[in-house]
Amino acid sequence: MDIREEYLKFFESKQHTRVPSAPLVPEDATLLFNNAGMVPFKSIFTGEVPRPKNPRATSCQTCIRAGGKHNDLENVGHTARHHTFFEMLGNFSFGDYFKEEAIAYAWEFITEILHLDKDKLWVTVHESDDEAEEIWKKHIAPERIMRLGDKDNFWSMGDTGPCGPCSEIFYDQGAEHFSGPEDYMGGEGDRFLEIWNLVFMQYEVKEKGGERIPLAHPSIDTGMGLERVVAIKEGAISNYGSSLFMPIIRKVEDLTGKEYVYATGASYRVIADHIRTAVFLLSQGVNFSNEGRGYVLRRILRRAVRHGYLLGFREPFMYKLVDTLVDIMGGEYEYLQTKAEVVKEQIELEEARFFKTIESGIALFNMELQNTKDKANAEDREGALGYVFSGEVAFKLYDTYGFPLDLTEDMLKEKNLSLDTATFESLMNEQRRRAKAAWKGSGDDAISGDFKTLLEEFGENRFVGYETMHHASKVLALLDEKYVRVEELQAGEKGWVFLDITPFYAESGGQCGDTGELEGIAQVVDTKKFFGLNLSKIELHASLKVGQHVDAKVDISRNEITKHHSATHLLHAVLFDVLGEHISQAGSLVEANRLRFDFSHPKALSEEELHVIEERVNVEIMRAIPAQTEVLPIEEAKKSGAKSQFGEKYGDEVRVVKFADASVEFCGGIHVDNTANIGSFIITKESGVSAGVRRIEAVCGNAAYKYFCEQRALVKEAQSEVKNLDLLAGISRLKSNIAALKDELKEAHEAAKVEIKADEINGVSVVVDELPNGDIKEKIDELKNQNDKLCAMLFQVKGDKVLIAAGVKGCDAKAGDWIKKIAPLLGGGGGGRPDFAQAGGKDASKLPEAKEAALKFITEVLD
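Because the structure is predicted, anything quoted here is derived from the model rather than measured.

A. The arrangement of the overall build of the protein chain in detail. Along the backbone of the protein chain there are 23 helices and 37 strands. Over its C-alpha atoms the protein chain spans a radius of gyration of 40 Å, topping by over 25% the 29 Å that the globule rule assigns to 863 residues. With the principal axes as the frame, the protein chain shows a C-alpha extent of 135 × 85 × 50 Å. Buried positions account for 50% of the 863 residues belonging to the protein chain. The contacts in the protein chain between residues at least 6 apart in sequence include a share of 67% that link residues at least 24 apart. About 41000 Å² of surface is accessible on the protein chain, with carbon and sulfur atoms providing 47% of the total. Averaged over its 105 positive side-chain charges, the protein chain has a centre that lies 4 Å from the centre of its 141 negative ones.

B. Region of the structure containing the pairing of strand S22 (residues 533–540). Burial within S22 is extensive, with 6 of its 8 residues counted as buried. Bridge count for strand S18 (residues 494–499) against S22 is 4 bridges, and the pairing is antiparallel. Bridge pairing in S22 places Val 497 opposite Ser 536. Here strand S21 (residues 522–530) folds back onto S22 in antiparallel fashion, the turn holding 2 residues, of which Phe 531 has a positive phi close to 55°.

C. Representation of the nonpolar core within the structure. In terms of nonpolar packing, the biggest core is built from 114 residues, with Trp 136, Ile 169, Ile 195, Trp 196, Met 318, Ile 347 and Phe 403 touching the most fellow members. The greatest single-element share of this core, amounting to 12 residues, is contributed by helix H11 (residues 334–379).

D. Layout of the sheet that holds strand S26 (residues 595–600). Spatial strand order, S25-S26-S31-S30: 4 strands in an open sheet with antiparallel pairing. Each having just a single partner strand, strand S25 (585–590) and strand S30 (681–690) make up the two edges of the open sheet. Averaged over all adjacent pairs, the angle separating strand axes in this sheet is 15°, with direction ignored. Lying on the sheet, helix H16 (residues 557–579) is in contact with S25, S26, S30 and strand S31 (693–700); it crosses S26 at an angle near 25°.

E. Seen up close, the sheet that holds strand S35 (residues 801–809). As summarised here, the arrangement of the 6 strands in space is S32-S33-S34-S35-S37-S36, forming an open sheet in which the pairing is mixed. Because the sheet does not close on itself, it has two edges, and the strands there are strand S32 (759–761) and strand S36 (829–832). On average, adjacent strands in this sheet sit at an angle of 15° to one another, irrespective of strand direction. Of the strands in this sheet, strand S33 (764–770), strand S34 (790–798), S35, S36 and strand S37 (836–841) are in contact with helix H22 (residues 815–822), which crosses S35 at around 150°. Across the sheet, helix H23 (residues 847–862) lies against S32, S33, S34 and S35, angled at about 170° from S33, the strand it touches most.

F. Region of the structure containing the packing of H16 against helix H17 (residues 607–622). Direction vectors running N to C along H16 and H17 enclose 130°, while the axes themselves pass 9 Å from each other. Here H17 runs oblique to H16, going by the angle between their axes. Note that H16 runs across H17; the crossing there is right-handed. In contact with Leu 570, Leu 571, Val 574, Leu 575, Asp 577, Val 578 and Leu 579 of H16, H17 contributes Glu 609, Val 612, Ile 613, Arg 616, Val 617, Glu 620 and Ile 621. Classifying every residue of the contact of H16 with H17 gives 10 nonpolar, no polar and 4 charged.

G. Molecular detail of the packing of aromatic side chains. Taken as a whole, this structure holds 35 aromatic pairs when the rule is applied. Ring centres of Tyr 97 and Tyr 105 lie 5.2 Å apart, and the angle between their planes is 85°; this geometry places the pair in the edge-to-face category. Since its relative accessible area comes to 12%, Tyr 105 is described here as buried. When the ring centre of Phe 576 is taken as origin, the NZ or CZ atom of Lys 643, which lies over that ring, is 4.4 Å away. The cationic tip of Arg 655 hangs over the ring face of Tyr 466; the distance from NZ or CZ to the ring centre is 3.7 Å.

H. Expanded view of the pattern of salt bridges. Throughout the structure, instances matching the rule amount to 40 salt bridges. Here Asp 190 makes a salt bridge to Arg 81, at a shortest N to O gap of 1.9 Å. Residue Asp 190 is located in the loop between strand S9 (161–172) and strand S10 (192–205), and its partner Arg 81 is located in the loop between strand S4 (70–71) and strand S5 (85–93); the two are separated by 109 residues in the primary sequence. An identical accessibility class is assigned to Asp 190 and Arg 81; each is buried.

I. Seen up close, the environment of Val 554. Of note, Val 554 is situated in strand S24 (residues 549–554). Exposure remark for Val 554: the relative accessible area of 10% places this residue in the buried category. Setting aside its immediate chain neighbours within four residues, Val 554 contacts Met 469, Pro 503, Phe 504, Asp 514, Thr 515 and Gly 516.

Conventions used here
- Residues numbered from 1 in each chain as written.
- Predicted model: local features only at pLDDT ≥ 70, side-chain atom pairs only at ≥ 80, totals over all residues.
- Heavy atoms only, no water.
- Helix = DSSP H or I, 4+ residues; strand = E, 2+ residues; numbered from the N terminus.
- Rg over C-alpha atoms; globule rule 2.2 N^0.38 Å.
- Buried < 20%, exposed > 50% of the residue type's maximum accessible area, 1.4 Å probe, protein only.
- Contact = heavy atoms within 4.5 Å.
- Areas by Shrake-Rupley, 256 points an atom, 1.4 Å probe, with all protein chains shown as cover.
- Lys, Arg positive; Asp, Glu negative; His and termini not counted.
- Charge placed at Lys NZ, Arg CZ, Asp CG, Glu CD.
- Pairing = 2+ DSSP bridges.
- Core = buried A, V, L, I, M, F, W, Y, C linked by side-chain atoms within 4.5 Å.
- Axes fitted to C-alpha atoms, helices over the stretch in contact; angles between N-to-C directions.
- Parallel < 35°, antiparallel > 145°, perpendicular 65-115°, else oblique.
- Left-handed = near helix turned anticlockwise from the far one by under 90°.
- Nonpolar A, V, L, I, M, F, W, Y, C, P; charged D, E, K, R; others polar.
- Phe/Tyr/Trp six-rings, centres within 6.5 Å; stacked < 30°, edge-to-face > 60°.
- Lys NZ or Arg CZ within 6 Å of the ring centre and 35° of its normal.
- Salt bridge = Lys/Arg side-chain N within 4 Å of Asp/Glu carboxyl O.

Note that every value here comes from positions in space, so none of it alone points to a role or purpose.
Here is the structure:
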């Protein structure tokens, strides 16, 4: 039985609209991930947006719980039912049906579709909820209904907002399998397994600690864990024993050659769970990094790799599980099939990085573990229980070896040890002072405001920016900087304007929001979408009122934005063609002065590849291809081969932008009419973003011209510096000069090491010697500084010539006379002052005779 499909079909038969699973990365800025089925509908439940036309919905939502309030990470593998990634089946009523129908639908599905044994079903209700209990008595025996308090059976979205009692349905898995002290109805054991939670949103709390006010239109939010129900239907007493996990566990068995045994198989279960989380996140565009969602992903994969290490793996293995997972879930989530090869590359790279350090890290861990035990044994002969592992070592494991903190804690948990977290946190704060609480959300500001009233009163406004950059418009509403509706904004103030018809493009799909002006009244500094409403941020230099008519003009910079956007499409297509079909967009930014494109690729691009890519894009520009845009039914658009971006919201119809055979993509952005309008395309940088993700930065149009001017100015400056219009020739000459100077420096260093021997004649130091390298004049000066009385003559052979220098200090000899006597012996001549003279010779073969004659001459003079 395909329980997922049966559930959705059942509720469609009850007039519910089937809603596809939303991306794991939510629009809710307070969350890192979608962690419950109701998250995509939160703005409806809170009243931020109006109820949909059909107030009934059903979905199978992919969820992740790996941080913050809902964090199941540390329990994964050690219990039968906890997961980081899971699917939540849900049915929702937005002010439509309530408890009667919700309970009846749940009972019907469980007993008539799933055919679960009624004698194994139990129900809980809130201790104050008489209504729910009476309804349940129509379906189940009263003795199988339990009342519990707020902790178990009251749900709230937060300190404020919608809330209400809930009713949970439990399945008794049998005393023969579970007989622990907590295995009773209402206990913490696994015998009585919660399979479905029905939340009755009937109150609202206006302020923290305030009273619960009944809602005019109570709603329903239910959640059923798919993994738990599949396990029950298949007769497995653990979720991991079901067909959703066992094929992965069997694959791990094959790879490691070791049989999986449930009692000792926690590592197998961790791996089976974590590969699901990693593959779904990577397939949806989340990449490995050291912060936010990317860090959660890295932690989860590394935790799985560490468990693989315990099983004997010493090289990447997780990537080999991807195909097995795709076989299980690729039918429901087609993007897993599309992204499989790219994901395998990303996982293998990340695994390889961790395996390089894991052995050293584990050795350090074991060393400190022994230290902890030694301290314990010195004080308590019964063992190390209660002793604390060093926070400094835990930090080193994190900082040097890449061990996430929870991985170290996981290893300590197996040894029944705790960690000095205070020291660890202190060191972390010292290293990353700028860090904020990673689990509080995406890092974006949570936005709330009077959007619902705008939607109810006006609906979405009309965008005409595809056709024009100037339009006469009417101000339907104004909001202040906190998104609260006002009737008027004064000069000097900032706020948001909601026009009936707007030419301003709202930031979306990587393209920045338009700027411009409300002529004579305000500057438009940005444009964004909020729940489908196109709002422009304005800075006023005159007052503006609701109902006023304005001339809305988009800034000329829009022309440059369109060039970069169209070039991004061409670049995407060329990358796909040049590097291979594994190329997938991982992010983009389009602005007036640059573009940035992130894409999946396992290694840095070579200079040759970058040259080919840049040239190919420019060829497409020169082809002067006209743009074609059309709105197509989404299935028809997919069949056309148009590329789409995961996470973008597409309706039943999508806008497709096509440049003949060069590029075709789903896109709601604004483009040039013809590729020739782009002008030129220049790649300015290629870099890595994370494991398996590369980034290209480029410029087009006016930005490309400015880039050219900057490079030309740089060339001229370089020409001036090297004093040569032929830059390469000038650089070559400089390199030659540098090489010569290096040789001279080397000679000087070697000369400094040469020991010059001096003889003494009548109290005068006498030196007659050959200096292989260095400056013989400087050497004589050095000898003069070292001696009060000196006569020195130094020779140096340079090719077939000989350099001669003589120096005299504190005695009656004359250097000029000395050198005139010796130089002719070498075929040269020279002279100088009494204290210093120099000469050159042409016959190096006579050097021994010259040295002998020089010593003889000076000896006679000094005698």
